[in-house]
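# A closer look at the structure
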Amino acid sequence: MKQLRTQAAAAFCVALLPAAFAQDVQVVPAPQTRALDAEGEPLGTVSGEQLGPDAVAPGVIEDMSIVLERERALANQPQITSKARNGAQGIWMLPSRRFAEATHSGSRYAFNKWGDTRMGIGFGRATDVEGAWFIGHGDSQAWSSGVQIVGFLAGVEVARTDWFTDIDATPDYFAMNLKGVDRIEVLAKTAVEGGGWYGLDDLALTVDGARRVIDFEDVDFSTKLTGSSYAGLVWETGSGDFASQAGTVFVHPPVSQKLPNGGESQVPDDGVMKLAGLGTNPTLGQSFVGPRLGDNGANAIPPDTVGAVGPNHFLASVNSNLSAYVRSTGTRVLNVSLTSFFGAGVGDPRVQYDQHHGRWIVIASNFSNRVYFAYSLSNDPTGLWFKTNVNVSQGSDAGKWPDYPTLGYDTNGVYFSAYMVPSGMSIFAVDKAPLLGGTPAMGTVTAFRNLPYEGAIQPCATYGAPSGEYFVSRPGSTTLRIRRVNPPMTVPTLTNLGTVSVAANSSPPNAPALGSTTNLDTLEGRLMNSVYRNGSIWTTHCIAVSGRAAVRFYQLNPSTMTSQQTGTVSDASLHYYMPSIAVNSGGDCTLGFSGSNSSQWVGTYMCGRVASDPAGETGVPFLVKAGEGAYNNVDGNGTNRWGDYSLTSIDPLDDTNTWTIQEYARTNNNWGTWIAEGKFNTCPLPTVYCTGKVNSQFCSPAIGSLGSPSASDPTPFNVTGTQFLNNKNGLLFYGTQANGAAFQGGHLCVKLPIIRTSVQGSGGSSSGTDCSGTYSYDFNALIQGGTDPNLVPGADVYTQYWARDPADFAGFNTSLSEGLSFNICP
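Note that the coordinates shown come from a computational prediction; the quantities given were computed from them, not determined experimentally.

## Examining the state of the cysteines
- Across all of its chains, the model carries three disulfides by this definition.
- The side chain of C683 participates in a disulfide bridge whose partner is C825; the two sulfur atoms lie 1.9 Å from each other. Separated by 142 residues along the polypeptide, C683 in the loop between β43 (671-679) and β44 (687-689) and C825 in the segment after β54 (814-823) bring together distant segments of the chain.
- Each sulfur in the disulfide pair C699 and C771 lies 2.0 Å from the other. Negative torsions about the S-S bond denote left-handed disulfides, and the value of about 100° found for C699 with C771 makes this one right-handed. With a gap of 72 residues between them, C699 in the loop between β44 and β45 (702-706) and C771 in the loop between β51 (760-761) and β52 (773-778) connect regions that are remote in the sequence.

Okay, here's the thing in structure tokens:
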């Protein structure tokens, strides 16, 4: 009504104007306003920005022989990242918002990166240096215990102050009173590994009778001062003699800002959600070593541990290595650098297994302007991959760079988000359909930019087919925000559904560990990963409980925007950190994380719950892999780097068991990762056997399963077929004995007699011919229907998909999958 009155008034005013003027006047409607959520962000739906073809590099299909050729070429070259020290001295720079805990004025100060104990500043002429404010920077154990200022004139020392030792969590003023100097050196007492960290704020000078204060408020966070002429001064490279981590590459910490509305303020323990240990843990199954510091490309700290389980492999990635393991034995069958895999220097990797189509997804950032993207052509990570990269630093993100990318997927698309340094977050949605064709191609990429900083925006690993892809983030200490990307993926939209109220929480303290002279960085309260399952979003992060790091998990209902349950996993003495969560078809979940205290090296832990457990409860965490030694790797910010994340995933063979990859401490200050299976299902896993038949689009139709074959459990056991031709009829047939005889240009994997199930359409792309067709058959419905007396507990069953292929090379109009065998559980 208000808008109508405004328009009417405008029209009346126009009517009063002379005709010569009125014809050039337009009535502009009043601007539309959108309601705000609890954290002040507009609710509702917005359109995105479709990236042009110039933003996406030409796609290539590569097998591992090409990757291994690049690996051999890199074998004798040093592995170096621009975000590392690489033996260099310290520099002057501004911290990110995450590390700028306190200032004397404003929000910025300079610090001595790498804790260099001799840092110089040149003035270019005789200057009186009154003083400056100093504060401890980085972890408190890395703070320098004192600084001394030496004044020079024409290269000769002319003055030296006493030691100033009031360096702590609050800024304190150091009156230097140096007269007529043209250069100073800031000497610092060492704290750890030959370095001592401090922050410098409001440097007061008098030059030619004019007083000035250097407050750093006119430069961005994370700006390098050394080598610049900021404020007309010479900011020198450090020359201190401090310990060097030879051969070690430090990847920059996640660049971050403070969360708004008290998101990082300390809040009381909630007091009502402490773990009582009343839940049901999974049992430990397979357990074996993952990538370690020193593997091909893996020379970075921290590792950014991530990995997921597939039908036959576990695919793991760290900074900067990609490794594949046979899941049944732990045998490594792939060990390459990410540089060789992508053909470019990248880090912050993410890995997912897309169970909808039996494919792997890997992304990584080049910390400049691109996110590198790989999508496998089958469920074999050692096989063919489609690869490209996307220039994300365009539009309103021009001049920014992507940090801490996150990764999710659903039936329609692949999604990633990143903090676009130095400000704002962006979501990117990729149409999956062209990736599934006989000739894979990158689909439409849509950007949703200028989102507020929230630590990390986590897209879900999505099971089922909800109305869109959900994202969850932590905008404050008592809320979680839920967004949704809505199809169609050629022109998707983004909806801010609002916030869900959760129990108050604050960022965790850094974690002590046996032999660690500086506590381990537990990052902050950002969310670590998310899963959508059976109408709920599950997510987890690290919080503070009674002065220790602890794990918090949530189950959220995006339909009602309410919290269904919250649980806190804590211990009376151990710190738990870097968690991740996975949820199976029955609503059971597993959490994996690292753990330590001052009398224990860092090990890996697991706990879980089943759906019938009391809300918020898990079993008591159990040790999976014990730490082997002390860990000391202090980075340029004065923090002992750990993490920055982990991943827990669901076994696609039974959709019940879980796998997790976590970081642990090895000897000689090295890190390692450990891969472990958490078993809720003790029945034998289905097994793929026999060889399928390549179809006329050169795809190899695959068979798989979700769930467990059971004579009593009503949860579906879906036998799936993927990489079939689109819009073709097909069916699943089965028998009680295996076969492998030649048949119609392929193999018949089931011995006669066979029983056919009902005919299905494969669906998929609506135009053209490609390999986007899929099938699914709920075998538990057949088992429990009682129509086949052979389908009883303990029986072995052998299955295979058959489908139409009019352009069949062998002339039989036939497409055949591999075979799948399974044993029926009670």
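## Notes on the sheet that holds strand β30 (residues 469-476)
- The five strands lie next to each other as β1-β32-β31-β30-β28, forming an open sheet whose pairing is antiparallel. At either end of the open sheet lies a strand with only one pairing partner, and these are β1 (44-47) and β28 (458-459).
- One ladder, built from two bridges, connects β28 with β30; its direction is antiparallel. Across the sheet, Q458 pairs through a bridge with V472, a residue of β30.

## Here we look at helix α3 (residues 64-74)
- Listed in full, the buried residues belonging to α3 are M64, V67 and E71. One side of α3 holds all its buried residues, which, seen down the axis, span an arc of 55°. In this structure, α3 carries E69, R72 and A73 as exposed residues pointing more than 90 degrees from its buried face.
- Turning to α3, the residues buried within the fold contact β3 (60-62), β19 (332-337), α4 (338-342) and β23 (385-391).

## Remarks on the pairing of strand β18 (residues 321-326)
- Of all six residues in β18, five are buried, a share of seventy percent or more.
- Of the strand pairs in this sheet, strand β17 (residues 313-318) and β18 are connected by six bridges, and their pairing is antiparallel. Pairing of S317 across the sheet is with L322, part of β18.
- Hairpin geometry of β17 and β18 is characterised by an intervening segment of two residues between the two adjacent antiparallel strands.
- With five bridges connecting them, β18 and β19 associate as antiparallel partners. Within the sheet, the bridge partner assigned to Y325 lies in β19 and is R332.
- Joining the antiparallel neighbours β18 and β19 is a turn of five residues, in which G330 adopts a positive phi near 80°.

Scoring rules and cut-offs
Residues numbered from 1 in each chain as written. Predicted model: local features only at pLDDT ≥ 70, side-chain atom pairs only at ≥ 80, totals over all residues. Heavy atoms only, no water. Disulfide = S-S within 2.5 Å. Helix = DSSP H or I, 4+ residues; strand = E, 2+ residues; numbered from the N terminus. Pairing = 2+ DSSP bridges. Buried < 20%, exposed > 50% of the residue type's maximum accessible area, 1.4 Å probe, protein only. Arc of directions from axis to C-beta. Contact = heavy atoms within 4.5 Å.

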